[in-house]
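Summary of structural features
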Amino acid sequence: MLPDAPAAPPVVGLILAGGLSRRMGGGDKSLRMLAGETLLARVISRVKPQVRAMVLNANGNPSRFSAFDLPVVADAVPGFAGPLAGVLTGLEWAREHAPGIEWVASFATDAPFFPRDLVARLLEAVESDKADLACAASNGRRHPVFGLWPVSLGPQLRRALVAEGIRKVEDWTGRYRVAVVEYPQRPFDPFFNANAPEDLAEAERILAAEAARG
């Protein structure tokens, strides 16, 4: 496995693109364009400096992502079992391909503005709170898909998904101590996500406003 950012903390960045994108009209939401660049490219550029290596979780033919030069891994549990299946995929990939790395940080591909210091702050929160996991929050709302997950919990997560049928992230993370890293919502929510075509138009406005602010 080639490192993406050798000076970055020993964390694998897991980019979650395994959903069905129903509200976006189907297809690969991550390949939708925002100001001349795909959402996925924008996410990769923010993830890469924060982690030691990256992996893309996506179902279907992986060749459609060949231009991004990332390992592409389908859900470890079939049937579109939600973001927990993607997290499990990342944990099991890291255990096999990134020995010695203890953490996986997950990112959604439909949120192009997430903070550039997210991984560092999640790691700090886990240590200071003596927590098992960590996730981001803004405006008092948690964003569990932007989380920090220990590779060691892979077997427990697999059991929860396969034997117990758990699908909601909170139903599983509720079993553990979770550190929460809160971000301000000004001048916009950094975890704004583009679920529908009209959200892409709003993202364009955010980009234009940021450019005007310099």
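Structural notes, computed from the coordinates. If you're wondering where the values come from, they're calculated on a predicted model, not measured in any experiment. The residue numbering used here restarts from 1 in each chain and proceeds along that chain's sequence as written. Given that this is a predicted model, residues contribute local features only at a pLDDT of at least 70 and side-chain atom pairs are listed and counted only at 80 or more, while totals for whole chains, interfaces and linings are drawn from all residues. Side-chain calculation: all heavy atoms of the structure are included, whereas hydrogens and water are not.

Counting 33 residues, the largest nonpolar core has Ile-15, Leu-118 and Phe-146 as its most contacted members. Secondary structure is summarised from DSSP: a helix means a run of H or I of at least four residues, a strand means a run of E of at least two, and numbering begins at the N terminus for each. Of all the elements in the fold, those that place two or more residues in this core are β1 (11-16), α1 (39-47), β4 (53-57), β6 (103-108), α3 (118-129), β7 (133-138), β8 (141-150) and β9 (178-183). The leading source of residues in this core is α3, at five residues. Should any heavy atoms of two residues lie within 4.5 Å, those residues are counted as being in contact. In this structure, Ile-15 is in contact with Leu-40, Val-43, Ile-44, Val-47, Met-54, Val-55, Leu-56, Asn-57, Leu-70, Phe-107 and Thr-109, ignoring residues within four places of it in sequence. The nonpolar core is taken to be a set of buried Ala, Val, Leu, Ile, Met, Phe, Trp, Tyr and Cys residues, with the residues joined through side-chain atoms within 4.5 Å. Three labels apply to residues, based on accessible area from a 1.4 Å probe with only protein chains included: buried if under 20% of the type maximum, exposed if over 50%, partly exposed otherwise in between. The next biggest cluster of nonpolar side chains, apart from the first, holds 26 residues, and it includes Val-55, Leu-84, Ala-85 and Val-169.

Before going further, it helps to spend a moment on the packing of aromatic side chains. Here a pair means two rings of Phe, Tyr or Trp (six-membered ring of Trp) with centres within 6.5 Å. Their orientation is stacked below 30 degrees between planes, edge-to-face above 60, and tilted elsewhere. A complete count under the given rule lists nine aromatic pairs for this structure. Pairing Phe-107 with Phe-114 gives two aromatic rings, centres 5.1 Å apart and planes at 40°, and the pair type is tilted. Each member of the pair, Phe-107 as well as Phe-114, carries the same accessibility label: buried. Cluster of aromatic residues (ring-pair linked, three or more members): Phe-107, Phe-114, Phe-146, Tyr-183 and Phe-191. One residue, Arg-121, lies across the ring of Tyr-183, its end atom 4.4 Å from the ring centre. Working rule: Lys NZ or Arg CZ, within 6 Å of ring centre, within 35 degrees of ring normal, means a charge sits over the ring.

That bond from Arg-186 to Pro-187 is cis: its omega, -5°, falls within 30 degrees of zero. When you line up the elements, Pro-187 lands in the loop between β9 and α6 (197-213). Within the chain, Ala-35 stands out as a residue other than glycine whose phi angle is a positive 50°. Here Ala-35 lies in the loop between β2 (33-34) and β3 (37-38). Looking at Ala-35, the relative accessible area reads 42%, which means it is partly exposed. Positive phi, close to 50°, is recorded for Phe-80, a residue that is not glycine. Positionally, Phe-80 belongs in the loop between β5 (72-73) and α2 (83-97). A relative accessible area of 46% means that Phe-80 is categorised as partly exposed.

Moving on, we get to the packing of α2 against helix α4 (residues 154-162). Pairs of packed helices are described in terms of their axes, by the angle between the two and the distance that separates them. Here an angle of 0 to 180 degrees is reported between the N-to-C directions of two axes, which are lines fitted to C-alpha atoms, with helices fitted over the stretch in contact. Orientation of α2 relative to α4, taken along the N-to-C sense of each, is 145°, at an axis distance of 9 Å. For the pair α2 and α4, the sense of crossing is left-handed. When α2 is examined against α4, the residues Leu-84, Ala-85, Val-87, Leu-88, Leu-91, Glu-92 and Arg-95 are found in contact with a partner set consisting of Gly-154, Pro-155, Leu-157, Arg-158 and Leu-161. Residue polarity follows a fixed list, in which Ala, Val, Leu, Ile, Met, Phe, Trp, Tyr, Cys and Pro are nonpolar, Asp, Glu, Lys and Arg are charged, and the others, Gly among them, are polar. Grouping the constituent residues of the contact of α2 with α4 by class yields eight nonpolar, one polar and three charged. If you view the pair so one helix is near and one far, a crossing is left-handed when the near helix is turned anticlockwise from the far one by less than a right angle, and right-handed when it is turned clockwise.

Right, let's talk about the pattern of salt bridges for a bit. Put simply, a salt bridge is a Lys or Arg side-chain nitrogen that is within 4 Å of an Asp or Glu carboxyl oxygen. In total, this model carries seven salt bridges according to the counting rule given. Between Arg-42 and Glu-37 there is a salt bridge whose closest N-O contact spans 3.8 Å. The exposure class assigned to Arg-42 is buried, which follows from its relative accessible area of 16%. Glu-37 gets classed as partly exposed once you look at its relative accessible area, which sits at 31%. Arg-175 is the salt-bridge partner of Glu-164, the closest N and O atoms lying 2.4 Å from each other. Of this pair, Glu-164 sits in the loop between α4 and α5 (169-173) while Arg-175 sits in the loop between α5 and β9; the two residues are eleven residues apart in sequence, bridging distant segments of the chain. A residue is classified by how much of its surface remains accessible, and Glu-164, at 42% relative accessible area, is partly exposed.

Any helix carries an expected span of 1.5 Å times its number of residues minus one. The end-to-end C-alpha distance of α6, which contains 17 residues, comes to 25 Å, matching closely the 24 Å that a straight helix rising 1.5 Å per residue would cover. Burial in α6 covers these residues: Asp-199, Leu-200, Ala-203 and Ile-206. An end-on view of α6 places all buried positions within 110° of arc, on one side of the element. Of the exposed residues in α6, those oriented more than 90 degrees away from the buried face are Glu-198, Arg-205, Ala-211 and Ala-212. To obtain the arc, one takes the directions from the helix axis to the C-beta atoms.

The residue Ala-105 is located in strand β6 in this model. With 15 residues separating them in the primary sequence, Ala-105 and Gly-90 have C-alpha atoms 8.8 Å apart. In contact with Ala-105, other than residues within four places in its own chain, are Val-11, Val-12, Gly-13, Leu-14, Val-119, Gly-147 and Leu-148.

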